[in-house]
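Each chain, written out:
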Amino acid sequence: MIVLPKISFLNKYAQRLPKDKRHKPIYVVSSDTLIENPIILDYLKNNIDKINKSAKKLDLPIIAQIVYPELNNSFWANVIGKGYPTPKSIQYRWCTERLKIRPSNKFIKEKLEYEDVVVLLGVRKDESSARKARIEKREIEGYLLTPHETLRGKNKLAYVYTPIVDFTTADVWSVLYHNNDNLVDFGGDWGPSPATAWGTDAMELFEMYTKGSGDSGECPFIADESSAKSSCGNSRFGCWICTVVKEDKSLNGFIQSGHKELLPLLEFRTWLLGERDKPENRKKHKRNGAVVKRDGKIMFGPFTFEARQMILRKLLKTQLEMQKFYPDLELITLGELKAIDEIWDDEEDLTSTTLLNIYKEVTGKDLPWSEYKSPVFDSNTLDIISKKCAGYNINSDLFNKLIIDTNKYKHFSNNTKLKTAVSKILNQQWLHQDIIEKIEEESNKELENENK
């Protein structure tokens, strides 16, 4: 999310520069994870648009834009496409890196090809004790800029500047409310208002935080630091599907404050949490075939192919419900669906039409690439394969993967890749787990005998 005091500072500073010195571009970058709360997303897009219009009008070198995760590495591409279990703890929070950090870093690295970069971050020590410790660990006394830990160009450097690092939450709202000289039209009566440097009312943001805190009444304005900790202006917005927290306070808060149209999102999130750890929905090995044991118990792996189809079907139904209120909202984009379709084709869908059929079934529409898809085998052959797998007790996912990889490399003049692919599939740990367990059992017995 854009930190408004920081951007207001940039806007006003740039205006003070003579026009002949406004030659270095200033980028305002915000990440859309593709699973943002639609209320927050609307606010973000509106502000991005107005920042750009304001910059053009004032002849400022400010460019505001949104960055997105790669479609084949989005949240749904990982969960529905590859079967990644939804994040359940901070230790297993794979989403932040993929959805927020990588898109921003990619944007910055592109700029490092041509010039040094100063990254302004809106981080604050007051956010949490952990955040404070991380900031202080990187600080260099007496310097405003610190070298970025990971971003490097060939001959260019990236630095970090944290202009509001010592702000309390109360300070943030104070800047937004008091430090402006904008005039806003109150239905014909012009007067001072807590407005942003690009002409939007900052109190709209405050009201959003109020609702996100579940306070349907008037949120008490932060007057001092002591009250900031408990004020509704201190709440945080996360992805609507976030399963790391037991309760999404901001989503619940919006619903409690009157945004009943968000109920389908809450219902889907609750349903997914309930389905996540059901044994029938999870494989007993990781995507690479490894078996993980903890305290003698085999841990769950990714979602099964059947479970992923179930999640997609439910998500599309939820999207239809949400589009009654937000007609242009896509809980899962066409680009993500295309990426998931390709992942399924590459890994286990011999029909090549499973995703297409689910989409048609739920929405009543064909996907743009439907007419170009055809199965690896005809329906009769696929039926025979299914029956043979069942008759000989062969894992159908395994057999499908063998056929897909064989089909993928069958026209190569050199069969090395085919041999490698087949060998990799057949040597996955889960296929030989019974042998591995016998070896472990015998080794343990030998150790016991030696100790006697």
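Since we're looking at a predicted model, the values are computed, not measured.

The rules we used
Residues numbered from 1 in each chain as written. Predicted model: local features only at pLDDT ≥ 70, side-chain atom pairs only at ≥ 80, totals over all residues. Heavy atoms only, no water. Helix = DSSP H or I, 4+ residues; strand = E, 2+ residues; numbered from the N terminus. Contact = heavy atoms within 4.5 Å. Axes fitted to C-alpha atoms, helices over the stretch in contact; angles between N-to-C directions. Left-handed = near helix turned anticlockwise from the far one by under 90°. Nonpolar A, V, L, I, M, F, W, Y, C, P; charged D, E, K, R; others polar. Buried < 20%, exposed > 50% of the residue type's maximum accessible area, 1.4 Å probe, protein only. Lys, Arg positive; Asp, Glu negative; His and termini not counted. Salt bridge = Lys/Arg side-chain N within 4 Å of Asp/Glu carboxyl O. Polar contact = N/O pair within 3.5 Å; in protein donor to acceptor, adjacent residues only side chain to side chain. Phe/Tyr/Trp six-rings, centres within 6.5 Å; stacked < 30°, edge-to-face > 60°. Lys NZ or Arg CZ within 6 Å of the ring centre and 35° of its normal.

A.B. asks: I tried to follow the side chain of Glu 275 on my own but got confused; where do I start?
C.D. replies: Secondary-structure assignment places Glu 275 in helix α10 (residues 263-276). Not counting residues within four places of it along the chain, the set of residues in contact with Glu 275 comprises Asn 281, Phe 303 and Met 310.

A.B. asks: How should the packing of helix α9 (residues 249-256) against α10 be read in this particular structure?
C.D. replies: For any two helices packed against each other, one specifies the inter-axial angle together with the distance between the axes. Relative to each other, α9 and α10 sit at 145 degrees, their axes nearing to 10 Å. Crossing handedness for the pair α9 and α10: left-handed. For the pair α9 and α10, contact is made by Leu 251, Asn 252 and Ile 255 and by Leu 263, Leu 265 and Leu 266, respectively. Residues of the contact of α9 with α10, tallied by class, amount to five nonpolar, one polar and no charged.

A.B. asks: I keep staring at the side chain of Asp 349 and nothing clicks. Help me out?
C.D. replies: Here Asp 349 is to be found in the loop between α12 (334-347) and α13 (354-363). For the buried Asp 349, which has no salt bridge, the nearest side chain bearing the opposite charge is Lys 373, at an N-O separation of 6.1 Å. A polar atom in the side chain of Asp 349 sits 2.9 Å from the side chain of Thr 354.

A.B. asks: Just checking my understanding: could you explain the packing of aromatic side chains for this structure?
C.D. replies: Aromatic rings considered in pairs are described by the distance between their centres and by the relative angle of their planes. Under the criterion given, the structure shown has 10 aromatic pairs. When the ring of Tyr 84 is compared with that of Trp 94, the centres are 5.4 Å apart and the planes differ by 90 degrees; the resulting orientation is edge-to-face. With a gap of 10 residues between them, Tyr 84 in the loop between α3 (75-81) and α4 (95-112) and Trp 94 in the loop between α3 and α4 connect regions that are remote in the sequence. Each member of the pair Tyr 84 and Trp 94 is classed as buried. Here the aromatic residues Phe 75, Trp 76, Tyr 84, Trp 94, Trp 240, Phe 268 and Trp 271 are joined through ring pairs into a cluster of three or more. The side chain of Arg 282 reaches across the aromatic face of Phe 303, ending 5.8 Å from its centre.

A.B. asks: Just checking my understanding: could you explain the pattern of salt bridges for this structure?
C.D. replies: Where charged atoms of side chains with opposite charge meet at close range, the side chains can pair. Here the structure, examined in full by the defined rule, presents 26 salt bridges. In this structure, Glu 136 engages Lys 125 in a salt bridge whose closest nitrogen and oxygen atoms are separated by 3.8 Å. In this pair, Glu 136 is assigned in helix α5 (residues 129-138) and Lys 125 in the loop between β3 (117-120) and α5, connecting sequence segments 11 residues apart. Accessibility expressed as a relative area gives 38% for Glu 136, which makes it partly exposed. Of the charged contacts in the structure, one is a salt bridge between Asp 366 and Lys 360, with a shortest N-O distance of 3.6 Å. It is possible to trace a salt-bridge network through shared partners that takes in Lys 88, Arg 276, Asp 277 and Arg 282.

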